[in-house]
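Letter by letter, the chains look like this.
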Amino acid sequence: QRAAEEQQRSLPATTTDGHRIEIAANINRADQAAMALSQGADGVGLMRTEFLFLERDHAPDEDEQAAAYLAMGQALDGRPLIVRALDIGGDKQVAHLKLPREENPFLGVRGSRLLLRSPDLLEPQVRALYRAARDGAALSIMFPMITSVSEILTLRETCEQIRQELQAPVVPVGIMVEVPAAAMMADVLARHVDFFSIGTNDLTQYTLAIDRQHPDLAAEADSLHPAVLRLIRATVDGAKAQGRWVGVCGGIAGDPFGATVLLGLGVDELSMTPRDIPAVKARLRTVSLAQAQQVAAQALACETADAVRTLEGVA
Ligand code: PEP
Ligand code: MG
């Protein structure tokens, strides 16, 4: 099986009936791009920009950020790159930003909520992104932790203003769907964005009300819980109604069975840790879209996450 994976990693993830799904990597630095491509990535579906702020004692300025985004774009040589705007708060705390302590950081000012309250974080980052795009990076901008249309409209306004100032090209602007409200309102949110990427790590946490890092509840925090799958389905339906594409960049995308279910739910792109790519590609090349759709339909009808998991044996 290993040998088959090795051989197939450079081939596209095309099902036996000819349906192609994009496979992308979750990486943070340009020096990881060659490794991701060698694992078979078609591009980068999630560049977490928090890394530029973590493990150091000061925030990177606009120039440093622009260089980092451009370097990633160059390392990918024209392949697609989705850069996620800062997602700080919750499990990602940055001491040097000196943000107020919160009683419940997962339900507090995190992700885009922080960006909307901190022009000193948002504006240099958006400027850096458009500078990199102007210099040739084939990037898309993605905002994390979105719950409402008004957040999107404000963020897009900032993007457009900065883009015009810099005379930079138009780039796709999308959002992460990682809060149940966003999944349920997907048909509405889709009118205002170019794409969705579902963050199943947070979507699972917020749907099941289980802290994603809770040591005693890890087994119950299953992204294949039918409640989560129904929200993914709602997201896909909402996106498709507006002609938008949908990716998944949470951990379940890197699980071969999970990837099959997501394919069947109508997801267009899966983004994962590079080391998961060969096994996911190999699995997807053994199923048909029709089979994946059947498994997905059965999964949606299951009563429990355990019942969904038993479908792997029969799929
Ligand atoms: C997610 O929530 O699934 C996700 C991909 O984002 P992060 O893990 O960085 O919160
Ligand atoms: Mg998340």
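Structural data are supplied above this passage.
One structure accompanies this document, and this report is about it. Values in this document were obtained by computation on a predicted structure and should not be read as measured data.

Let's talk about the site of ligand 1
L46, R48, D87, E178, G199, T200, N201, D202, C249 and G250 make up every residue found near ligand 1. Take the shell around ligand 1: its biggest share by element is three residues, from helix α9 (residues 200–208). A class-by-class count of the residues in the shell around ligand 1 yields two nonpolar, four polar and four charged.

A closer look at the pairing of strand β5 (residues 139–143)
With respect to burial, β5 is a largely interior element, five of its five residues being buried. Across the two faces of β5 the burial is the same, with L139, I141 and F143 and S140 and M142 all buried. Strand direction decides the pairing type here: strand β4 (residues 81–84) and β5, joined by four bridges, are parallel. Within the sheet, the bridge partner assigned to I82 lies in β5 and is S140. By the bridge criterion, three bridges tie β5 to strand β6 (residues 173–177) in an arrangement that is parallel. Looking across to β6, one finds that F143 is bridged to I175. Between β5 and its parallel partner β6, the chain crosses via helix α6 (residues 149–166), and the hand of that crossover is right-handed.

Overview of the pairing of β6
Burial analysis of β6 places five of its five residues in the buried class, which makes it a mostly covered element. Alternating residues of β6 divide into V173, I175 and V177 and G174 and M176, and every residue in both groups is buried.

Section: the packing of α9 against helix α10 (residues 226–241)
For the pair α9 and α10, interaxial distance at closest approach is 10 Å and the crossing angle is 120°. Our classification of the angle between α9 and α10 gives oblique. For the pair α9 and α10, the crossing hand works out as right-handed. Between α9 and α10, the contacting residues are T200, L203, T204, T207 and L208 on the first element and A227, V228 and L231 on the second. Looking at the contact of α9 with α10 residue by residue, the classes come out as five nonpolar, three polar and no charged.

Conventions used here
- All residue numbers refer to position in the chain's written sequence, counted from 1.
- Both sets of labels track the order of writing: A upward for chains, 1 upward for ligands.
- A pLDDT threshold of at least 70 governs which residues receive local features in this predicted model, and a stricter bar of 80 or more applies before side-chain atom pairs are shown or counted, although totals over entire chains, interfaces and linings include all residues.
- Any residue whose C-beta atom, as placed from the backbone, lies within 6 Å of a molecule or strand is termed near it.
- The secondary structure listing takes helices from DSSP runs of H or I that are at least 4 residues long and strands from runs of E that are at least 2 residues long, numbered from the N terminus.
- Three residue categories are used. Nonpolar comprises Ala, Val, Leu, Ile, Met, Phe, Trp, Tyr, Cys and Pro, charged comprises Asp, Glu, Lys and Arg, and polar comprises the others, including Gly.
- The exposure scheme places C-beta atoms from the backbone and then counts, for each residue, the other C-beta atoms within 10 Å of its own, assigning buried at 20 or more, exposed at 12 or fewer, and partly exposed in between.
- Only strands joined by at least two bridges in the DSSP assignment are considered to pair.
- When the strands point away from the viewer and the path from the first strand over the helix to the second turns clockwise, the crossover is right-handed.
- Interaxial angles span 0 to 180 degrees and are taken between N-to-C directions of axes, which are lines fitted to C-alpha atoms, for helices over the stretch in contact.
- Orientation categories follow fixed angle ranges, with anything under 35 degrees roughly parallel, anything over 145 roughly antiparallel, 65 to 115 roughly perpendicular, and all other angles oblique.
- For any pair of crossing helices, the crossing counts as left-handed if the nearer helix is rotated counterclockwise from the farther one by less than a right angle, and right-handed if it is rotated clockwise.
- It is the C-beta atoms, placed from the backbone, that decide contacts: two residues are in contact if theirs lie within 7 Å.

Function cannot be inferred from these measures alone, as they are strictly geometric.
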